[in-house]
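# Descriptive structure summary
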Number of protein chains: 2
Amino acid sequence: MYLVSMILGIDIGGTSAKFGLVQYDGTITETKRYQTADWVNGDGFMEGLLEAIADFLSTYPNIKGIGLGWPGLLSADRQEVLFLPNIPSVANMPVMRMLEEAFPGILCRMENDAKCAAMGEYYFGKEKRMANFLLVVMGTGVGSGAIINHKLFIGGSGNGTEIGHMLTHTGKTLEEQSGLAQITKRAKEIILEDPFRNSSLHTLAALDPKLIQEHAEAGDAAALEVYREVGSLLGEVLVNVVRVLDIHTVLLGGGVSAALHLMKPEIMKQIHTHLPEYYTRNFDIRAASLYNDAGLLGAAGLIME
Amino acid sequence: MYLVSMILGIDIGGTSAKFGLVQYDGTITETKRYQTADWVNGDGFMEGLLEAIADFLSTYPNIKGIGLGWPGLLSADRQEVLFLPNIPSVANMPVMRMLEEAFPGILCRMENDAKCAAMGEYYFGKEKRMANFLLVVMGTGVGSGAIINHKLFIGGSGNGTEIGHMLTHTGKTLEEQSGLAQITKRAKEIILEDPFRNSSLHTLAALDPKLIQEHAEAGDAAALEVYREVGSLLGEVLVNVVRVLDIHTVLLGGGVSAALHLMKPEIMKQIHTHLPEYYTRNFDIRAASLYNDAGLLGAAGLIME
């Protein structure tokens, strides 16, 4: 029996780690999710991770490489994790050396999770191998990665394109004002500002982004206002990113991207108000295509470079 | 007589073009300035430029390469000038082809002027060959160029790091609120807001940035306020640039940089307020070292790559 060699992609999140067997065409043939709290509360995060990888390798001996995405800042040489808010114990451990010692002969690479997602779109997305684009992932937080001239852009010290942390005119960052929780919070604020305002959101026992989006799509002015605000803030940040990176194609991923059509008019208004024709004539923002698998696929993509 | 081969560096400005013979160690042995209006009003800008270069080459036959800096946007392949506000007639002409046809056998390269200045600091500045830095030139306008991992960063389509055009919290760009003319304008506004305010600027018949700086250094509160404002705006923009490019060293050039010491406390306040320790622990902004020759030297530097 001929076994095609495969890649183990690992997408490490705040509370869980998703493992996936990825073929070279981007097909994911097997996935498994681990609760990272089990590792942290057991022998330690790295011990748990290494054990889970060893398990996978014994089940799938045709794995050729391992790619990992981390939700934090990495050293410029991609040997260590410098800052990992949700799993602080891993910071400054020699992660890459531990992997290479545990799994000799297997190619290991690691990258920031949002940058992995950009790699995923680059290799496996609907529009493959676009020379230049920015991926913005708006979900719980706001992550971002850029491909410039067919290469992942990491910046001078390795942790660039943190656009969720860019300041807007309000003095707050984009992430502090967008993301799924902020959309719910803002909708509540808007209807509380005027309890007599005619809004269908008043009829709901509890608000969540999916419901707010549905009411916006049904034409509710308060719900629409939430998305107009987020769109305007994202547009403002994109104006500044475009000035720095000179990228004219933006892919939007993450949970908030389902409402891109509600935000796009305000995004484009900012772009056209503040950028000259050189940048705007071919500017577009559209939905990313890989949804929740982007990070996993991008981690696998690290091995394909 | 042994003639060391040399480079012709050309720094094209809004109203004049500066030619310089540059040796490989960065010594400028001969300079000449042309008024570009003479070319535009004569046979045309490119004809005037080509003729002036031909003149230089006949006087200095040991010129090995020609590097040009343009005050505008270039095509990604550096063959054409796309947008040149002060000399619009050059836009979309096949500049590089015209140079190569006119001067066969001589290596020609061109780049944006602020990006040239960054190259100049990289090759010939006080701190040579720094791996990562951002140069900000605050003079009449605000230009910028970045070196990332020892290479000039031009962005996806070739015209990135236009940080003078980034938006601040006021809704205006950095360039609209800083630069030499804006410093004079802002000082006038501040003393007009309160004509009875005790400011030594009231005693001046006319304001200019040099005088305003002198009065700020002598402790005048109104003059100091101007530089605090500009410093705060620059700091705000740098926070966002650092998030995108992950560069921790900034060199400030141009006329306004003489007042860096007056602006630096506010710049650093923005940096430390809005960036975590990862970025701030080795962040510094200091004066660029080449003054008015940075662009010319950087243009010559294009030939050294």
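Model, not experiment: these values are computed from the prediction. (Residues numbered from 1 in each chain as written. Chains lettered and ligands numbered in written order. Predicted model: local features only at pLDDT ≥ 70, side-chain atom pairs only at ≥ 80, totals over all residues. Heavy atoms only, no water.)

Residue and element names in this part refer to chain B. Phi angles above zero are rare outside glycine, and N92 is one such case at about 70°. Structurally, the position occupied by N92 is in the loop between β6 (81–83) and α3 (95–102). In this structure, T161 is a non-glycine residue whose phi angle is positive, near 50°. Counting through the fold element by element, T161 comes out in the loop between β10 (151–153) and α5 (174–177). (Helix = DSSP H or I, 4+ residues; strand = E, 2+ residues; numbered from the N terminus.)

Residue and element names in this part refer to chain B. Among the secondary structure elements, D220 is positioned in the loop between α7 (209–217) and α8 (221–245). It turns out D220 is buried and unbridged, and the closest side chain with the opposite charge, R197, is 6.5 Å from it. A distance of 2.9 Å separates a polar atom in the side chain of D220 from a polar atom in the side chain of S199. Residues within four places of D220 in sequence aside, it is in contact with N198, S199, S200, L201 and H215. (Buried < 20%, exposed > 50% of the residue type's maximum accessible area, 1.4 Å probe, protein only. Lys, Arg positive; Asp, Glu negative; His and termini not counted. Salt bridge = Lys/Arg side-chain N within 4 Å of Asp/Glu carboxyl O. Polar contact = N/O pair within 3.5 Å; in protein donor to acceptor, adjacent residues only side chain to side chain. Contact = heavy atoms within 4.5 Å.)

Attention shifts here to the pattern of salt bridges. Note that side chains of opposite charge can pair when their charged atoms are close. Taken as a whole, this structure holds 26 salt bridges over all chains when the rule is applied. B:R97 is the salt-bridge partner of B:E101, the closest N and O atoms lying 3.6 Å from each other. With B:E101 and B:R97 both in helix α3 and four residues apart, this pair spans about one turn of that helix. Residue classification places B:E101 among the exposed positions, given a relative accessible area of 55%. According to the relative accessible area criterion, B:R97 is partly exposed, its value standing at 48%. Note that B:E189 and B:K185 form a salt bridge whose closest N and O atoms lie 3.5 Å from each other. Of this pair, B:E189 and B:K185 both sit in helix α6 (residues 179–193), four residues apart, which is roughly one turn of the helix. Sharing partners across several salt bridges, the network here consists of A:K185, A:R186, A:E189, A:E193 and A:E229.

Below, the discussion takes up the confidence of the model for chain A. Per-residue confidence for chain A gives a mean pLDDT of 95; residues scoring 70 or more make up 99%. Across the assembled chains, the prediction reports ipTM 0.96 with pTM 0.96. (pLDDT = per-residue confidence, 0-100.)

For the rest of this paragraph, the subject is the packing of aromatic side chains. The relation between two aromatic rings is expressed through the spacing of the ring centres and the mutual angle of the planes. All names here are of chain B. Enumeration over the complete set of coordinates arrives at 21 aromatic pairs over all chains. Seen from their ring centres, W39 and F45 are 5.3 Å apart, and the 75° between their planes marks the pair as edge-to-face. The two residues W39 and F45 agree in class, both being buried. (Phe/Tyr/Trp six-rings, centres within 6.5 Å; stacked < 30°, edge-to-face > 60°.)

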